[in-house]
Amino acid sequence: MRILSVVGARPQFIKCAPVSRIIRKRNEEILVHTGQHYDPEMSDVFFEELDIPKPDYNLGIGSGTQGEQTGKMLIEIEKVLLKEKPDLVIVYGDTNSTLTGALAASKLHIKVAHVEAGLRSFDRAMPEEINRVVTDQISNILFCPTDTAVMNLKNEGITEGVYNVGDVMVDALKYNQKIAEDKSTILQDLSLNPKEFLLATVHRASNTDNKENLSSIVKAFSDSEETIVFPVHPRTRKYLKEYNLWGKILKSTKVIPPVGYLDMLKLESNARRILTDSGGVQKEAYMLRIPCTTLRDSTEWVETVEEGWNILVGADYEKIKKSIREFEVPGKSRKIFGDGKAAEKIDELLE
Ligand code: UD1
Ligand code: UDP
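Keep in mind that this is a model prediction, so the values were computed, not measured.

Caption draft 1: Representation of the site of ligand 2 within the structure. Around ligand 2 lies a shell of 19 residues, among which R204, V259, S278, G280 and E284 are the nearest. S278 places a polar side-chain atom, nitrogen or oxygen, 2.7 Å from an oxygen atom of ligand 2. Counting residues per element, the ones that place at least two in the shell around ligand 2 are helix 1 (10-23), helix 13 (261-270) and helix 14 (279-287). For the shell around ligand 2, the element with the highest residue contribution is helix 14, accounting for four residues. Across the shell around ligand 2, the residue classes tally to ten nonpolar, five polar and four charged.

What follows is the structure, encoded as structure tokens:
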């Protein structure tokens, strides 16, 4: 089969690595990078560390408003699809690259497989929620990571071509955990001792593009008097500077540029707590059994909250501080995201 995969943003490089490795054994894969993320530390580092083949196309779309970025991607992806005529397009997750890959393909009557289908935060103010809902409606094969995702699709009337294969991020984590342990020197580089620091990431539009929310998060971090390691997403760096919060965050946390996946795994596994608004990081915290404070009011990864490993605090100063002081986890966890064989199952089902 000729499979064309569309990726573009950091979490998609991580998700496509295990799938790409396996489907290439018996299929031809054409890899398209939309260029949504383009800084070396947001893109190249993942291709190098995870051994992802060089993309056959980099569309160089870059940043822009929602409509601008989505529109440009649609135009360029369609051109590639018309030229390459694949049998199937695979898209990952919930970014603008996901939506446009699925939309361009379905309008050309090319079958679409969506990896990480069925997730819902039920918050349509998030661009990602719109991307999830539309992508699932136009996909032919829906690879869900959890039973909740299967149920969400059923509630929207989508039952055909739906498979719970588990989460490909478990595959990625399992494959790279030992490699990260051996190779990453990030703890020494930052003079950190295991379990003596917290790890934070922030990049959601609701937190970054809102001065009040970002200020509240920064104040909670600095008033916590904890050592907080904070790899800063470029979007967040831009707004921290714009809102004059950059000096304060530099003084109160260990601000570092975005890190590669291996350093991130090492930081996550050795953190005492994780504070994040990232979807992927919430899951990794659960898999690594690290207490997670989620800086959002909703999550699509509801199981992590139900199981007691994750607490939703939004951008609320008091709630963030209280969770840092008091949030306790149950000690037990389950394999809610599958067994690390999601890519294998996807490959078999595609075959
Ligand atoms: C995107 C996804 C989000 C995902 C995140 C992963 C959408 C709507 N959002 O959000 O779901 O969680 O990726 O990290 O698709 N920028 C750079 N260099 C880069 C990339 C971005 O400087 O390499 C800056 C630009 O100022 C840009 C801003 O970050 O405007 C936002 O980038 P964008 O890709 O639009 O959205 P993310 O916030 O990264
Ligand atoms: N990640 C990383 N370096 C960082 C921050 C995150 O490698 O500096 C990884 C993280 O471990 C996870 C993925 O990127 O695997 C999550 O991506 P992100 O938070 O950008 O997006 P989301 O999951 O929220 O869509």
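Once the structure has been displayed, the description carries forward.
Caption draft 2: Highlighting the sheet that holds strand 1 (residues 2-7). Judged by pairing direction, the sheet is parallel, and its seven strands sit side by side in the order 3-2-1-4-5-6-7 without closing on themselves. Strands at the two margins of the open sheet, each flanked by one partner only, are strand 3 (57-58) and strand 7 (162-164). Inspection of the sheet shows strand 2 (residues 28-33) paired to strand 3 by two bridges, in the parallel sense. Bridge pairing links H33 to N58 in strand 3. Of the strands in this sheet, strand 1, strand 2, strand 3 and strand 4 (88-92) touch helix 3 (residues 66-84), which is tilted by about 170° from strand 1.

Caption draft 3: Summary view of the state of the cysteines. Applying the stated criterion across every chain yields a total of zero disulfides. In this structure C16 is not part of a disulfide, and its nearest cysteine sulfur, from C144, lies 19 Å away. The exposure class assigned to C16 is buried, which follows from its relative accessible area of 0%.

Rules behind the numbers
Residues numbered from 1 in each chain as written. Chains lettered and ligands numbered in written order. Predicted model: local features only at pLDDT ≥ 70, side-chain atom pairs only at ≥ 80, totals over all residues. Heavy atoms only, no water. Near = heavy atom within 4 Å. Polar contact = N/O pair within 3.5 Å; in protein donor to acceptor, adjacent residues only side chain to side chain. Helix = DSSP H or I, 4+ residues; strand = E, 2+ residues; numbered from the N terminus. Nonpolar A, V, L, I, M, F, W, Y, C, P; charged D, E, K, R; others polar. Pairing = 2+ DSSP bridges. Contact = heavy atoms within 4.5 Å. Axes fitted to C-alpha atoms, helices over the stretch in contact; angles between N-to-C directions. Disulfide = S-S within 2.5 Å. Buried < 20%, exposed > 50% of the residue type's maximum accessible area, 1.4 Å probe, protein only.

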